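In case you want the letters, here they are:
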Amino acid sequence: MVNAGAMSGSGNLMDFLDEPFPDVGTYEDFHTIDWLREKSRDTDRHRKITSKSKESIWEFIKSLLDAWSGWVVMLLIGLLAGTLAGVIDLAVDWMTDLKEGVCLSAFWYSHEQCCWTSNETTFEDRDKCPLWQKWSELLVNQSEIKTILSGFIIRGYLGKWTLLIKTVTLVLVVSSGLSLGKEGPLVHVACCCGNFFSSLFSKYSKNEGKRREVLSAAAAAGVSVAFGAPIGGVLFSLEEVSYYFPLKTLWRSFFAALVAAFTLRSINPFGNSRLVLFYVEYHTPWYMAELFPFILLGVFGGLWGTLFIRCNIAWCRRRKTTRLGKYPVLEVIVVTAITAIIAYPNPYTRQSTSELISELFNDCGALESSQLCDYINDPNMTRPVDDIPDRPAGVGVYTAMWQLALALIFKIVVTIFTFGMKIPSGLFIPSMAVGAIAGRMVGIGVEQLAYHHHDWIIFRNWCRPGADCVTPGLYAMVGAAACLGGVTRMTVSLVVIMFELTGGLEYIVPLMAAAVTSKWVADAFGKEGIYEAHIHLNGYPFLDVKDEFTHRTLATDVMRPRRGEPPLSVLTQDSMTVEDVETLIKETDYNGFPVVVSRDSERLIGFAQRRELILAIKNARQRQEGIVSNSIMYFTEEPPELPANSPHPLKLRRILNLSPFTVTDHTPMETVVDIFRKLGLRQCLVTRSGRLLGIITKKDVLRHMAQMANQDPESIMFN
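Since the structure is predicted, the reported quantities are computational estimates derived from the model, not experimental observations.

Cut-offs used in this document
- Residues numbered from 1 in each chain as written.
- Predicted model: local features only at pLDDT ≥ 70, side-chain atom pairs only at ≥ 80, totals over all residues.
- Heavy atoms only, no water.
- Helix = DSSP H or I, 4+ residues; strand = E, 2+ residues; numbered from the N terminus.
- Buried < 20%, exposed > 50% of the residue type's maximum accessible area, 1.4 Å probe, protein only.
- Areas by Shrake-Rupley, 256 points an atom, 1.4 Å probe, with all protein chains shown as cover.
- Pairing = 2+ DSSP bridges.
- Contact = heavy atoms within 4.5 Å.
- Axes fitted to C-alpha atoms, helices over the stretch in contact; angles between N-to-C directions.
- pLDDT = per-residue confidence, 0-100.
- UniProt positions renumbered as here; feature names shortened; annotations may be inferred.
- Core = buried A, V, L, I, M, F, W, Y, C linked by side-chain atoms within 4.5 Å.
- Expected span 1.5 Å × (residues − 1).
- 1 Å grid on protein atoms, 1.4 Å probe; cavity = no way out; pocket = protein on both sides within 12 Å on 5 of 7 lines; lining within 4 Å.
- Points joined across faces, edges and corners; volume = space filled by probe spheres on them.
- Nonpolar A, V, L, I, M, F, W, Y, C, P; charged D, E, K, R; others polar.
- Phe/Tyr/Trp six-rings, centres within 6.5 Å; stacked < 30°, edge-to-face > 60°.
- Lys NZ or Arg CZ within 6 Å of the ring centre and 35° of its normal.

**Q** Which residues make up the overall build of the chain, and what values do they have?
**A** Each helix and strand in the chain was counted, giving 27 helices and 14 strands. In the chain, which comprises 719 residues, the share counted as buried stands at 51%. Summing over all exposed atoms, the chain offers an accessible surface of approximately 34,000 Å²; the carbon and sulfur share of this is 59%.

**Q** Help me get a handle on the side chain of Thr 263, residues and values and all.
**A** If you trace the backbone, Thr 263 turns up in helix H11 (residues 247–267). Residue classification places Thr 263 among the buried residues on the basis of a relative accessible area of 9%.

**Q** Requested: an account of the sheet that holds strand E7 (residues 604–609), with residues and values cited.
**A** Strand order in the open sheet made by the four strands is E4-E6-E7-E11, with mixed pairing throughout. A single partner strand is all that each edge strand has here, and the edge strands are strand E4 (571–572) and strand E11 (656–657). For strand E6 (residues 592–596) and E7, the ladder comprises five bridges, and the chain directions are antiparallel. Residue Phe 593 lies in a different strand from E7, and its bridge partner there is Ala 608. Where helix H25 (residues 610–623) meets the sheet, it contacts E4, E6 and E7, and its direction lies at approximately 75° from that of E7.

**Q** I'd like a description of the confidence of the model for the chain, backed by residues and values.
**A** Regions with low pLDDT should not have their predicted coordinates read in detail. Averaged over all residues, the pLDDT of the chain is 77; the fraction at 70 or higher stands at 78%. Under a pLDDT of 50 for its full length, residues 1–19 has, in the predicted model, 38 contacts with residues more than four places off or in other chains. Confidence over residues 145–151 falls short of pLDDT 50; this stretch has 34 contacts with residues more than four positions distant or in other chains.

**Q** So what about the UniProt feature "transmembrane region" (unreviewed entry) in the chain? Which residues, and what values?
**A** The positions that UniProt labels "transmembrane region" (unreviewed entry) are, in the present scheme, residues 68–92, 163–180, 214–238, 291–315, 327–344, 400–420, 427–446 and 474–499. Here residues 214–238 runs as 92% helix and 0% strand, with 13 Å between its end C-alpha atoms. Secondary structure across residues 474–499 comprises 88% helix and 0% strand; the distance between its end C-alpha atoms is 11 Å.

**Q** So, the nonpolar core: which residues are in play, and what are the values?
**A** Of all hydrophobic cores here, the largest spans 113 residues; its most connected members are Phe 227, Phe 308, Phe 361, Met 432, Met 477 and Met 498. When neighbours within four sequence positions are excluded, Met 498 is seen to be in contact with Phe 361, Met 432, Met 477, Ala 480, Ala 481 and Leu 511.

**Q** Could you give an account of the sheet that holds strand E10 (residues 650–651), naming the residues involved and the relevant values?
**A** The mixed open sheet is built from three strands, whose spatial order is E5-E8-E10. Single-partner strands in this sheet number two, and they are strand E5 (576–577) and E10. Looking at chain direction, strand E8 (residues 632–634) and E10 are connected through two bridges and run parallel. Bridging from a neighbouring strand, Met 633 pairs with Leu 650 of E10.

**Q** Summarise helix H19 (residues 472–488); cite the residues concerned and give the values.
**A** Between its terminal C-alpha atoms H19 stretches 25 Å, which fits the 24 Å expected from 17 residues at 1.5 Å a residue. Counted residue by residue, H19 has 17 buried out of 17 residues, so it is predominantly covered. Phi for Arg 489, located one or two positions after H19, is positive at around 65°.

**Q** Before we move on, could you go through the pairing of E7 and cite the residues and values that matter?
**A** Pairing of E7 with E11, which is carried by two bridges, proceeds in the antiparallel orientation. By the bridge assignment, Ala 608 is partnered in E11 with Leu 656.

**Q** How would you sum up empty space enclosed by the protein? Please name residues and give values.
**A** Taken as a whole, the second largest cavity encloses approximately 40 Å³ of empty space. Forming the walls of the second largest cavity are Met 74, Tyr 204, Glu 213, Val 214, Thr 249 and Arg 252. Going through the elements one at a time, helix H9 (208–227) and H11 are the ones with two or more residues in the lining of the second largest cavity. Residues belonging to the lining of the second largest cavity are distributed by class as follows: three nonpolar, one polar and two charged.

**Q** Pulling in residues and values, what's your account of the packing of aromatic side chains?
**A** Per the counting criterion, the structure on display carries six aromatic pairs. When the ring of Trp 315 is compared with that of Phe 417, the centres are 4.9 Å apart and the planes differ by 75°; the resulting orientation is edge-to-face. Residue Trp 315 is located in helix H12 (residues 291–321), and its partner Phe 417 is located in helix H16 (residues 395–418); the two are separated by 102 residues in the primary sequence. For Trp 315, a relative accessible area of 21% translates into the label partly exposed. Taking NZ or CZ as reference, Arg 350 lies 5.7 Å from the ring centre of Tyr 344, over its face.

**Q** Tell me about the environment of Arg 611, and please be specific about residues and values.
**A** Mapped onto the secondary structure, Arg 611 falls in helix H25. With 26 residues separating them along the chain, Arg 611 and Ile 585 place their C-alpha atoms 9.5 Å apart.

Right, dumping it as structure tokens:
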């Protein structure tokens, strides 16, 4: 017996893994990353760069470039996300108007741009100008009325082609008139930008954990340009999207959102020198007595959110489990045709959803021509233009009320069937539209009640005759926040987005009251928001930090193998051949294998990832002479003693995780769940006095939680 390390010329060959080889440290598609491992790898990388920076000026410069690479990526994300958002906004406006007509002087102008550039347009007839021709007038010379996103790997979902296709189709989908919005997909577009720029810097391209820090900031930039709400975007990423959000990501998210908002403002897609489409200016404060209808709108938002989530998930589940899911294009065509036919007769469903919300939010000034502002005016009124008192509703208002009621029913039903189709579909705008319609109707009702019964005790102290007491547009804004909160279960970020979206900082208390009430009501029927519900429907292994685990089970109740199951598949530190390991990999589909001293002792020494084993063996066969099927694989520092005529052994200590996370078999599952959440673990090993007993994966945790909640544990499909 001789020491294999003394073999002539074999020392360098056995240590070939000291140099990195392609794809090491990467993950398979549809698998969860190991956050703890990625953080450890980044720490090692940073320590190495810091050490080298003292060797030369060039290495010092490289260390500075590495330190600044994060801010450069944020700058690039903000610039590209803002530019794409501006282009999308301009293109959507143009294509939405293109359905009705064309600008004769410049076909690329929207209706508003065309008319405002005309010298023959007056303010009273600002929607009519000779340069804008409807298709009916242009073709047949007569008017007629004319009939929209926890460390999971999904390859291609954030790729360059996805970015291109999503940007183009988003314009087409939103301008088609479907009941959807561009805000959610804009978050996806921004994350595609983040993924693209991450690939340009090895600091992020080679570490999935660091890459997700960039994606968290990109999500903030996406919300920033979607709503013109940079602060709300950062809070949205923190509250709703991110699984891991360190303090430096907060600052970088803020910077990316700032750059994106500045870029969008420079493009000025809405033509009003503001970031947002729904900017409002109300001239009347809100009163304490109005909190009651605001809270009622919160109740409505919670009920609507519950109804929508349950109906939409039921429909999406039917789509996945029946033949309907095999014909996505046909489904889109049918839903689009039905939407167009039903929406055509009603002016409030015929216009784009963004225009509808803008009209519902607006206060009725002296120059407003909307039906919603058709009040009976006092001919002797001499009040200022911006201080019009409450007035009795005219015929136009009553007509608008029943049209809005029909629009509310239509939006509720059609949104259930539209969201989840194979098209870019955002839910923010449709949800806000439902709430805005309901809120405007409630606001008009309260306004008329206050006008005709101003002597009632609830109105007596704050609504005198001839005063401007109630603002129906404010009720629309509160209703929009309530319904959006009921669907998404957002609270803090929702309120901030709403006051940034509208400029209504003075009305933050009504928004907070409605948002909190809608969440309470919706949570009474189920804790899941729409995003969590779709994650569970697709079987993704998402461990929500909001879920509580209060059952008194132990790690030994969840670990595998269980009684009656085959023993745990393990690797030994220095007694298995390459062929043994290849056979084990071929016969199992586990993501990794514990490494023990021997099968008799079961003393744990580390954990080896499946993918890295495959890559290591493949590279060793290609690059190292003498590696054959019966070569011994070892994970120790020194090779085992082998007969002189034995083939070269293969050293794989470099891919071994020497500090895998372990718990004892009597650890409460409540603690195990908390560990998985806070550390982002992929798996942990179960031991007793250093002896390996089993393994618990993230999938095992989720299935156990589902089982304890009387749900189907087999619905968790991915690792």
